[in-house]
Amino acid sequence: MLTRAYQHSLNGSHLPSGRPLLEVDHISLFFGGVTALKDVAFTVTEGHVHAVIGPNGAGKSSLLNCISGLYHPQEGQIRLHTADAPHEDGTHGKVHTHALTSLPPHRIARLGVARSFQNIELFSHLTVLDNLMLGRHIHMRHSVLTSMLWFGPARRQEIAHRQLVEEVIDLLQLQAFRNKPVGSLAYGIQKRVELGRALCLQPALLLLDEPMAGMNAEEKEDMARYVLDVHELAGVSVVLIEHDMNVVMDISDRVSVLDFGKLIADGTPDEVKADPAVIEAYLGAEEEDDEVKEALRRQTRHVEEEHRG
Amino acid sequence: MSTFLNLMVYGLADGAILALAALGFVLIYKATSVINFAQGEFLLVGAYMFYTAFVVLQLPLVLAVVFGVVIATLIGVLVERLILRPMVGENPISIIMVTIGLSIFLRSVVQMFYGTRPQSQPAVLPTGSVNVLGATIPVNRLWVLLIAAVVLTAFTVFFRRSRHGIAMRAVADDQQAAMTMGISVRRIFAMAWALAAVSALIAGILLGDIYAVDQNIAAFGLLVFPVVILGGLDSVPGTIVGGLTIGLLKQFTSGYLDPGLATVIPYVVLVLILLVRPYGIFGETRIERV
């Protein structure tokens, strides 16, 4: 299924794989007296799926909002590295570093940082196609005047961008919904449209805020598949926020764990799984919860037996 | 029958101008959630800008229109930048007060330069009349209808099709998401004000031509409120239906009942609509759960 030839690369980054792409450098974020993030630092590597996990209210979405410029952390820096297109002789283009903390959201988007939201933030009055075409906004170059004329250069550009949008529609299997207003679509489809809209930016970095939230097991699996397709097919680096530990462990290269606004672990899925601090944050202190865990174990065994029987 | 036809053409012409004026109002409200009480003054300023270019500076017609458009765009952008942007995040009542202040300011500036007497301006649209089914229809009203129809269609196509139009609708729909698409919300706000000023300019020129270039244009502009309440504050098609309805209602009341009553009737409709269907005919019903 991965053999289909796509004309356009959906990955907007020219950084060589394995290089640091995003550096979160000891950021702290306060809302009045509430500390949302405290001294959080980690690095996202080009070509990775990097998961950020943590219990409810750990600051995961706040962190994403800091990266995409909707929040401005009071302390620390967030740096994004981009590279120019490779030279003709194959050597890599010049690398630029951008301080995201001092840029407004739309400028960060223009650097190739695309995102989805935990509570779907689509343009619900517009069609799926219009939503996806808006993802192309940063790549369209024509002024208000030519866009008023509608014919000529504006028209030609639209057609070129439409080809890429059609590939995204194909990749995420949204063909049937092309001209439907987004507000009328089912939740799972809307989530997919939002992923598609972010992809249409040809992102250098894709931020996904709980793409599987509120889905049943089957939908979750589908979504995980789409995220993996996007990553494998297009090579897009992904920062993924997720609640469900199991999903995350399966699809990510690296995991950062937040708890009460602090980074308590950062490593490969296996390292993180074995980290005592993570186990404690997720399951609570051992001695208190032994009884609960035992009850859970009994329950699981019971269900398994029933299935067998 | 002839009176009916006559009143209908007059009503439709008034209504078409109202639709143009209301379009600007709706644009601003949709994109920026600001209720612009200075929309009538935008018409007034537009009419006087055209008068300045066409009569005072003696520019040819096309150049005078271009001059008007440039100045209107500038005024729209400046108002947004200097007056509304500092008010972002303030209480809606304060913002309304600011636009009322702006309306008084604009009206006073016009009075300061041109006084309160009507200015004479040569007719731009062809005068004369045609006979249709026994009614004498003035040609300039038909031209008003044609021009308004073309401009309204152009605006509608712009919103539906063009990249900037869709970006504007996106901002109206969800500002946060629009920002993360790389859309500069500030530029969209400025664009909404500029487009509103331009549509008001066109309405002002038409009004000045069929009536007179005087202070009454601002009073006519006040009729955008019944129009948008009827059509829905955030509905572009609503401005057309609302505008034509109010225009016709006014002329028929004036012709068949009483010209005095005609001045009041749009506001009676406004009150009735607010009582029965507060979101207008095409407006979006918003239910806020607290």
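Here the structure is shown first, and the text comes after it.
Residues numbered from 1 in each chain as written. Chains lettered and ligands numbered in written order. Predicted model: local features only at pLDDT ≥ 70, side-chain atom pairs only at ≥ 80, totals over all residues.

> I tried to follow the overall build of chain B on my own but got confused; where do I start?
A tally of helices and strands in chain B yields 12 helices and two strands. Taking 290 residues into account, the globule formula puts the C-alpha radius of gyration at 19 Å, and chain B, at 19 Å, falls close to it. Expressed as lengths along the three principal axes of its C-alpha atoms, the size of chain B is roughly 60 × 50 × 35 Å. For chain B, restricting intrachain contacts to residue pairs at least 6 apart in sequence, the fraction spanning at least 24 positions comes to 75%. (Helix = DSSP H or I, 4+ residues; strand = E, 2+ residues; numbered from the N terminus. Rg over C-alpha atoms; globule rule 2.2 N^0.38 Å. Contact = placed C-beta atoms within 7 Å.)

> Even after reading the chapter, I still don't get the interface of chain B and chain A, so can you show me in this structure?
Where interface size is given, it is often the accessible area lost as the parts come together that is meant. Across the contact, 21 residues belong to chain B and 25 residues belong to chain A. Those elements giving two or more residues to the side of chain B that touches chain A turn out to be helix H5 (139-161), helix H6 (163-173) and helix H7 (175-180) of chain B. By residue number, the principal contributor to the side of chain B that touches chain A is H6 of chain B, which donates seven residues. Residues of the side of chain B that touches chain A, tallied by class, amount to 10 nonpolar, six polar and five charged. (Nonpolar A, V, L, I, M, F, W, Y, C, P; charged D, E, K, R; others polar.)

> How should I be thinking about the packing of helix H1 (residues 2-32) of chain B against helix H2 (residues 39-56) of chain B in this particular structure?
In helix packing, the relevant descriptors are the interaxial angle and the interaxial distance, both defined with respect to the helix axes. Residue and element names in this part refer to chain B. Packing of H1 against H2 brings their axes to within 10 Å, and their N-to-C directions diverge by 125 degrees. As the angle between them shows, H1 and H2 are arranged oblique. Relative to H2, the crossing made by H1 is right-handed. Facing H1, whose interface residues are Ala21, Gly24 and Phe25, H2 presents Gln39, Phe42 and Leu43. (Axes fitted to C-alpha atoms, helices over the stretch in contact; angles between N-to-C directions. Parallel < 35°, antiparallel > 145°, perpendicular 65-115°, else oblique. Left-handed = near helix turned anticlockwise from the far one by under 90°.)

> Can you walk me through the nonpolar core in this structure?
One broad trend across soluble globular proteins is that nonpolar side chains are buried collectively. Residues and elements named next belong to chain B. Ranked by internal contacts, the top residues of the largest apolar core, which has 169 residues, are Ile17 and Ala192. Broken down by element, this core gets its largest block of residues, 19 residues, from helix H8 (residues 185-210). Apart from residues lying up to four places away in sequence, Ile17 is in contact with Val144, Ala148, Ala203, Leu206 and Leu207. (Core = buried A, V, L, I, M, F, W, Y, C linked by C-beta atoms within 7 Å. Buried ≥ 20, exposed ≤ 12 C-beta atoms within 10 Å, placed from the backbone.)

> Could you clarify how one ought to interpret the sheet that holds strand S1 (residues 20-31) of chain A in this entry?
Hydrogen bonds along the backbone pair up the strands of a sheet, which may run parallel or antiparallel. Residue and element names in this part refer to chain A. The antiparallel open sheet is built from four strands, whose spatial order is S2-S1-S4-S5. In the strand order of this sheet, the two ends are held by strand S2 (34-45) and strand S5 (95-99), each with one partner. Each adjacent strand pair in this sheet contributes to an overall mean axis angle of 20 degrees, direction not counted. Across five bridges, S1 lies against strand S4 (residues 75-83) in antiparallel orientation. Within S4, the residue paired with Leu22 across the bridge is Leu80. (Pairing = 2+ DSSP bridges.)

> What exactly am I supposed to notice about the sheet that holds strand S6 (residues 113-115) of chain A here?
Residue and element names in this part refer to chain A. With mixed pairing, six strands are arranged side by side in an open sheet as S6-S7-S8-S3-S9-S10. Both outer strands of the open sheet, S6 and strand S10 (262-267), are each paired with one neighbouring strand and no more. On average, adjacent strands in this sheet sit at an angle of 20 degrees to one another, irrespective of strand direction. For strand S7 (residues 205-209) and strand S8 (residues 237-242), the ladder comprises five bridges, and the chain directions are parallel. Counterpart to Leu205 in the pairing with S8 is Ser237.

> Just checking my understanding: could you explain helix H10 (residues 224-231) of chain B for this structure?
Residues spaced three or four apart along an α-helix point in a common direction, a consequence of the helix completing one turn every 3.6 residues. Residue and element names in this part refer to chain B. With respect to burial, H10 is a largely interior element, eight of its eight residues being buried. Buried residues of H10: Val224, Phe225, Pro226, Val227, Val228, Ile229, Leu230 and Gly231, and no others. Looking at the buried residues of H10, the elements they touch are H1, H2, helix H9 (216-221), helix H11 (236-257) and helix H12 (259-276). Positive backbone phi, approximately 110 degrees, marks Gly232, located one or two places after H10.

> Would you mind showing me how to read the environment of Gly54 of chain A here?
Residue and element names in this part refer to chain A. Within the secondary structure, Gly54 is located in the loop between strand S3 (49-53) and helix H1 (60-67). Judged by the 25 C-beta atoms lying within 10 Å of it, Gly54 falls in the buried class. Through-space distance from the C-alpha of Gly54 to that of Ala274 is 15 Å; in sequence the pair is 220 residues apart. Sequence-distant contacts of Gly54, defined by excluding residues within four places in its chain, comprise Lys60, Val257, Leu258 and Asp259.

> What exactly am I supposed to notice about unusual backbone geometry here?
With glycine set apart, most residues show a phi of negative sign, and most peptide bonds adopt trans. Residue and element names in this part refer to chain A. Phi angles above zero are rare outside glycine, and Gln173 is one such case at about 55 degrees. Structurally, Gln173 can be placed in the loop between helix H5 (153-171) and helix H6 (187-200). Of note in this structure, Phe260 is not a glycine but carries a positive phi near 50 degrees. For Phe260, the location among the structural elements is in the loop between strand S9 (254-259) and S10.

> Just checking my understanding: could you explain the pairing of strand S2 (residues 135-138) of chain B for this structure?
Every other side chain in a regular strand lies on the same face of the sheet, so the side chains alternate between the two faces. All names here are of chain B. Taken together, the four bridges between strand S1 (residues 129-132) and S2 define a ladder with antiparallel strand orientation. When the bridges of S2 are listed, Asn131 appears paired with Thr136. Once S1 ends, the chain turns through two residues before running back antiparallel as S2, passing Leu133 with a positive phi of about 50 degrees.

> Help me out: how do you make sense of helix H3 (residues 61-84) of chain B in this one?
Residue and element names in this part refer to chain B. In this model, H3 (24 residues) spans 33 Å end to end at C-alpha, consistent with the 34 Å of a helix rising 1.5 Å per residue. All of the buried residues along H3 are Ala64, Gly68, Ile71, Ala72, Ile75, Gly76, Val79, Glu80 and Leu84. For H3, the secondary structure elements touched by its buried residues are H2, helix H4 (92-114) and H8. (Expected span 1.5 Å × (residues − 1).)

> Mind showing me how you'd approach the packing of H3 of chain B against H8 of chain B here?
Residues and elements named next belong to chain B. Interaxial distance between H3 and H8 falls to 7 Å at its minimum, and their mutual angle equals 140 degrees. With respect to H8, the axis of H3 lies oblique. Crossing hand, H3 versus H8: right-handed. Of H8, the residues touching H3 (which contributes Gly68, Val69, Ala72, Thr73, Ile75, Gly76, Val77, Val79, Glu80 and Arg81) are Phe189, Ala190, Trp193, Ala194, Ala196, Ala197, Val198, Leu201 and Ile205. Across the contact of H3 with H8, the residue classes tally to 14 nonpolar, three polar and two charged.

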